[in-house]
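Next come the chains, spelled out residue by residue.
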Amino acid sequence: LSVEQVGIHAQGKRVLIFGGTAGIGKALSDILSQAGARVISRSRSNGCDITEWAQVKAATDSAAHELGGLDLVVNAAGMLVKRPLGDSPVDEINQQIQVNLLGAAWVAKAAHGELKKTRGMLIQFASSSYTRGRGDYVIYSATKAAIVNMTQGLCDEWAQDGIRVN
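Throughout this description, residue numbers start from 1 for each chain and increase along the sequence as written. Local features are withheld for residues below a pLDDT of 70 in this predicted model, meaning they are given only at 70 or higher, and side-chain atom pairs are given and counted only at 80 or more; totals for whole chains, interfaces and linings count all residues. Neither water nor hydrogens contribute to the side-chain values; these are computed over all heavy atoms in the structure.

We now examine the pairing of strand E1 (residues 14-18). Between buried and exposed lies partly exposed: a residue is buried under 20% and exposed over 50% of the maximum accessible area for its type, with that area taken using a 1.4 Å probe on protein chains only. A run of DSSP states H or I qualifies as a helix once it reaches four residues; a run of E qualifies as a strand once it reaches two. Both are numbered from the N-terminal end. Burial analysis of E1 places 5 of its 5 residues in the buried class, which makes it a mostly covered element. Alternating positions in E1 separate into two faces, Arg14, Leu16 and Phe18 on one and Val15 and Ile17 on the other, with burial throughout. Here, strands pair whenever DSSP counts at least two bridges between them. Here 5 bridges tie E1 to strand E2 (residues 38-42), and the two strands are oriented parallel to one another. Looking across to E2, one finds that Arg14 is bridged to Arg38. In terms of handedness, the path from E1 via helix H2 (residues 23-34) over to E2 forms a crossover that is right-handed. Sheet topology note: the E1/strand E3 (residues 72-75) ladder contains 4 bridges and is parallel. Each residue of the ladder has a partner; that of Val15, found in E3, is Leu72. A clockwise course of the path from the first strand over the helix to the second, judged with the strands pointing away from the viewer, identifies a crossover as right-handed.

Written as structure tokens, this is what we have:
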């Protein structure tokens, strides 16, 4: 994957990535950094649980202060548990919904004001699972479909603010 494939002009951009210390988020952080972006990554491993509004808001405010604004905010955090719904513990179902859906809402809400200042971009990661519910991970599929719908709605809602949402 390259910056060109991601479709972002990275030189000098100020970037905050949630879920940026592992997996897709880490790879994106590395690509953007190598292309000249200034990147801050936040995740549970370094003190930001996206299921907690106060932590997401604090991470966003801190990154905006440190970088002098935010041009791009990325939500690459996610939780996938493969297990039939009937066999899934209630706490596990709740945690997946909290991370995958509520966390996406908190990231978007916290990022809005900063991205409005810079006419920046929000990227929310979903999954091919959004197109069709999958057995053994129906909660994951459902939350990823919800992220796609949230992203479509935010495109409409934030267009007047000059914020791109993908």
